[in-house]
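Read off the chains here:
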Amino acid sequence: MNKWGKAILPSLIGVLLLAGCGTAEQSDDKVNGGQTTNPTPKTAQTENTDKSSGDSATEQKNEQLLTYTVNGEQKEESAKLVNSDNQGYSMYVLPEFELTAEEPNKDVLFLKDNDKISMRIEILPADSDMEQLKENTKAQLGAVNGDIKDLQASNDQQWLADASIMQAENTSDQVTAYIVKKDDSIVKMTIFSKKDADYNDAFVKMAETIKKK
C-alpha cells in the first residue's frame, strides 16, 4: 500500500464509525415511535389539577337543607338550587315554592298551592338612592294600610341586621318589605302573605341564599 493509501485509511475508518453511531440513534428513534421522548412536565399537571380542584370547590351544591317555621311550626326540608336568568342570581327554593320571572328586573317566588302567597324579588344597583327607595316602598305599602310599621330583624336573621323592614296589614292580608345590601347589590323583597298562612320565615330563609352570579 502506498503512502496515500495509508493516509486515507484512518479517515475512512472514522467515517464508518460515525455512520454506525448515527444508525444506532435512528434505530432508537424508531423504537420510540419516531420521536424523541421528553419527560412529562409534572409541575404543569399538578397546577392544572389544583386549578380544577379549586373550580370545583367554588361550585354551589345542588341542594341545601333549610330550617324554617310556618304558622309557628318548625320544619326542615331540602331546597334545590335555582337560577334566575332574568336578574342573574341563584337561590335555594323549597319544594312547595316556584321561582319565575314576573317582569324585567323583577322575579316572583310563590307558593304552588296558593300563588297569592308570594315574594317579589328585585336586585338593584349598589348605588341606588336608599332614601328614595324607602319612600317608594312606603307608598306601595300604603295601598294596603296607611299605618306602616318599622320592624327589626329577629335574632336568627343576622343578615338582615342593617336592613330596612316595613310592614302593612289589613283584616286578611299582610305585606312585608325588606331592603338590604347583599353581594355588592341592594336586594328588595316584598312578601305578600295571609294572616292565617304565615310563610314569612320560609321566604326570608330562601332569600338569605340569594347569590349574584
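The rules behind each value
- Residues numbered from 1 in each chain as written.
- Predicted model: local features only at pLDDT ≥ 70, side-chain atom pairs only at ≥ 80, totals over all residues.
- Heavy atoms only, no water.
- Helix = DSSP H or I, 4+ residues; strand = E, 2+ residues; numbered from the N terminus.
- Buried < 20%, exposed > 50% of the residue type's maximum accessible area, 1.4 Å probe, protein only.
- Areas by Shrake-Rupley, 256 points an atom, 1.4 Å probe, with all protein chains shown as cover.
- Polar contact = N/O pair within 3.5 Å; in protein donor to acceptor, adjacent residues only side chain to side chain.
- Contact = heavy atoms within 4.5 Å.
- Core = buried A, V, L, I, M, F, W, Y, C linked by side-chain atoms within 4.5 Å.
- 1 Å grid on protein atoms, 1.4 Å probe; cavity = no way out; pocket = protein on both sides within 12 Å on 5 of 7 lines; lining within 4 Å.
- Points joined across faces, edges and corners; volume = space filled by probe spheres on them.
- Nonpolar A, V, L, I, M, F, W, Y, C, P; charged D, E, K, R; others polar.
- Phe/Tyr/Trp six-rings, centres within 6.5 Å; stacked < 30°, edge-to-face > 60°.
- Salt bridge = Lys/Arg side-chain N within 4 Å of Asp/Glu carboxyl O.

### Points about the overall build of the chain
Of regular secondary structure, the chain possesses four helices and eleven strands. Counting across all 213 residues of the chain, residues that qualify as buried make up 31%. A total accessible area of about 13700 Å² is found for the chain, and carbon and sulfur atoms account for 48% of it.

### Observations regarding the side chain of Gln167
One can find Gln167 in strand E8 (residues 164-169). Only 2.9 Å separates the side chain of Gln167 from the side chain of Thr176, close enough to count as a polar contact. In this structure, Gln167 is in contact with Leu141, Asp147, Ile148, Lys149, Leu151, Gln174, Val175, Thr176 and Asn200, ignoring residues within four places of it in sequence.

### Let's talk about the nonpolar core
Ranked by internal contacts, the top residues of the largest apolar core, which has 34 residues, are Met91, Phe97, Leu109, Ile121, Met189, Phe203 and Met206. When contributions to this core are tallied by element, the ones reaching two or more residues are strand E1 (63-70), strand E3 (89-93), strand E4 (97-103), strand E5 (106-111), strand E6 (114-125), strand E9 (173-182), strand E10 (185-194) and helix H4 (200-207). Sort the elements by how many residues they give to this core and H4 lands first, with five residues. Beyond its immediate sequence surroundings of up to four residues, Leu109 is in contact with Met91, Val93, Phe97, Glu98, Leu99, Ile117, Ser118, Met119, Ile121, Phe203 and Met206.

### Here's the deal with the layout of surface pockets
In this model, the largest pocket occupies a volume close to 220 Å³. Lining the largest pocket are 17 residues, and of these Gln157, Tyr178, Asn200, Asp201 and Val204 lie nearest its centre. Breaking the lining of the largest pocket down by element, the ones donating at least two residues are E1, E8, E9 and H4. No other element matches H4, which puts three residues into the lining of the largest pocket. Tallied by class, residues from the lining of the largest pocket come to six nonpolar, nine polar and two charged.

### Some details on the packing of aromatic side chains
All chains considered together, the criterion is met by two aromatic pairs. Aromatic pair Phe97 and Tyr199: ring centres 6.0 Å apart, planes at 80 degrees, arrangement edge-to-face. Of this pair, Phe97 sits in strand E4 while Tyr199 sits in the loop between E10 and H4, and the two are 102 residues apart along the sequence. Accessibility assignment for this pair places Phe97 and Tyr199 in one class, buried.

### So, H4
Counting buried positions over the eight residues of H4 gives eight, a clear majority of the element. All of the buried residues along H4 are Asn200, Asp201, Ala202, Phe203, Val204, Lys205, Met206 and Ala207.

### Describing the pattern of salt bridges
All told, the structure shown has seven salt bridges when counted by the stated rule. For Lys205, the salt bridge is made with Asp156, and the minimal N-O distance between the two is 3.8 Å. Linking Lys205 in helix H4 with Asp156 in the loop between strand E7 (149-151) and E8, this pair joins segments that are 49 residues apart in sequence. Its relative accessible area of 48% is what places Asp156 among the partly exposed residues. One salt bridge connects Asp173 with Lys194, and the closest N-O pair in it is separated by 2.5 Å. Residue Asp173 is found in strand E9, and its partner Lys194 is found in strand E10; the two are separated by 21 residues along the sequence. In this structure, a network of salt bridges that share partners links the residues Asp156, Asp201 and Lys205.

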